[in-house]
Amino acid sequence: ALNLLLSPEQIIDLGIYGSLASVIGFPIAILGIGLAYQQLVKTRRASEAAESAVSKFREDLSQTFCLSDLAKALTGIEELKRLFRIESYPTIPDRLSDVRHTLISARGKARDLSKDELINFQSVISDLSTLESKVQLFLSTSSLPKNLQKNAFDLLQRADTLHELMTRLKNQIGTKRS
């Protein structure tokens, strides 16, 4: 129907304009595809950087919770030393249990612990459990185990080594880990 309204010269002119538009449009389309690809690469890199930042934030948050638990446990250890000094044995088992559970929680949240640090953590947890059993036995039999107070102070001194771990973990927050 278009052929009936246009003369042959006009049809040729339209063909030339169409060819010209194709010649000009093709490089523009290629340029557009290149720019779109470049933007896609930038977006992917930004997404990966955001994902990495979120992962790092989660690690730091977990580490912060671990430090909070460690601080709570170390405060509990200081309180236990005081309770042993004043021989307040009836309150000691519950406090020992609280500190032990807090250390278990902290150990579960801690990241990048060395083998020695894990062994130290487990040793303190195990020693607290043993001490709790000894105090419970004393309370049920009213027979003070030999050297209970000395053993308790020795154990609680060893538990103080967790201060060093806490300092190391605190210094890791916000730093890059390999």
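Residues numbered from 1 in each chain as written. Predicted model: local features only at pLDDT ≥ 70, side-chain atom pairs only at ≥ 80, totals over all residues. Heavy atoms only, no water.

Q: Whenever I open this one, the packing of aromatic side chains confuses me. Can you help?
A: Given two aromatic rings, their pairing is described by the distance between the two centres and the angle made by the two planes. Using the criterion set out here, one finds 3 aromatic pairs in the structure. Note on Phe84 and Tyr89: the rings are 6.0 Å apart at their centroids and 75° apart in plane angle, and the pair reads as edge-to-face. One exposure class covers both Phe84 and Tyr89, and it is buried. Within the aromatic cluster, the residues linked to one another by ring pairs are Phe84, Tyr89, Phe138 and Phe153. (Phe/Tyr/Trp six-rings, centres within 6.5 Å; stacked < 30°, edge-to-face > 60°. Buried < 20%, exposed > 50% of the residue type's maximum accessible area, 1.4 Å probe, protein only.)

Q: Please clarify how the packing of helix H4 (residues 115–141) against helix H6 (residues 162–172) should be interpreted in this entry.
A: Axes are the key here: two packed helices are described by the angle between their axes and the distance separating the axes. Between H4 and H6, the shortest axis-to-axis distance is 11 Å and the interhelical angle comes to 135°. Classed by the angle they form, the pair H4 and H6 counts as oblique. In terms of crossing hand, the pair formed by H4 and H6 is left-handed. Residues Glu117, Asn120, Phe121 and Val124 of H4 touch H6, and the partners they reach there are Leu162, Leu165 and Arg168. Taken together, the residues of the contact of H4 with H6 break down into 4 nonpolar, 1 polar and 2 charged. (Axes fitted to C-alpha atoms, helices over the stretch in contact; angles between N-to-C directions. Helix = DSSP H or I, 4+ residues; strand = E, 2+ residues; numbered from the N terminus. Parallel < 35°, antiparallel > 145°, perpendicular 65-115°, else oblique. Left-handed = near helix turned anticlockwise from the far one by under 90°. Contact = heavy atoms within 4.5 Å. Nonpolar A, V, L, I, M, F, W, Y, C, P; charged D, E, K, R; others polar.)

Q: I'm lost on the packing of H4 against helix H5 (residues 148–159) in this one. Help?
A: As a packed pair, H4 and H5 sit with axes 10 Å apart at the nearest point and diverge in direction by 160°. In terms of orientation, H4 lies roughly antiparallel with respect to H5. Remark: the crossing between H4 and H5 carries left-handed chirality. Between H4 and H5, the contacting residues are Val124, Asp127, Leu128, Leu131, Lys134 and Val135 on the first element and Leu148, Asn151, Ala152, Leu155, Leu156, Arg158 and Ala159 on the second. Here the residues of the contact of H4 with H5 are counted per class, giving 9 nonpolar, 1 polar and 3 charged.

Q: So what exactly am I meant to see when it comes to the side chain of Gln172 here?
A: Mapped onto the elements of the fold, Gln172 is located in helix H6. Of the residues examined, Gln172 reaches a relative accessible area of 13% and is grouped as buried. Side chain to side chain, Gln172 and Gln63 meet in a polar contact 2.8 Å long. (Polar contact = N/O pair within 3.5 Å; in protein donor to acceptor, adjacent residues only side chain to side chain.)

Q: Honestly, H6 in this entry has me stumped. Any pointers?
A: Looking at H6, one finds that the buried residues are Leu162, Leu165, Met166, Leu169 and Gln172. Angularly, the buried residues of H6 cover 120° about the axis, an arc narrow enough to put them on a single face. Exposed and facing more than 90 degrees away from the buried side of H6 are Glu164 and Asn171. Once H6 ends, the next one or two residues include Gly174, with phi positive near 85°. (Arc of directions from axis to C-beta.)

Q: Looking at this model, I keep getting lost on the confidence of the model for the protein chain. Mind explaining?
A: Segments scoring low in pLDDT should not have their predicted coordinates read at a detailed level. On average, the protein chain scores 85 in pLDDT, and the residues at 70 or more come to 93%. Between the elements of the protein chain, mean pLDDT differs from a low of 58, seen in helix H1 (residues 2–5), to a high of 93, seen in helix H3 (residues 92–109). (pLDDT = per-residue confidence, 0-100.)

Q: So what exactly am I meant to see when it comes to the nonpolar core here?
A: Soluble globular proteins: nonpolar side chains tend toward being buried together. Ranked by size, the top nonpolar core spans 33 residues in total, and within it Leu70, Phe84, Ile92, Leu103, Phe121, Leu128 and Leu131 carry the most contacts. Element by element, the count of residues in this core is highest for helix H2 (residues 8–85), at 9 residues. Not counting residues up to four positions away in its chain, the partners in contact with Phe121 are Leu70, Leu103, Ala106, Arg107, Leu113 and Leu165. (Core = buried A, V, L, I, M, F, W, Y, C linked by side-chain atoms within 4.5 Å.)

Q: Teacher, can you tell me more about H5 here?
A: In an α-helix there are 3.6 residues to a turn, and that puts residues three or four apart on one side. If you check H5, its first and last C-alpha atoms are 16 Å apart, about what 12 residues at 1.5 Å a residue would give, namely 16 Å. Buried within H5 are the following residues: Leu148, Ala152, Leu155, Leu156 and Ala159. The arc that holds the buried residues of H5, viewed along the axis, is 95°, so those residues lie on one side. (Expected span 1.5 Å × (residues − 1).)

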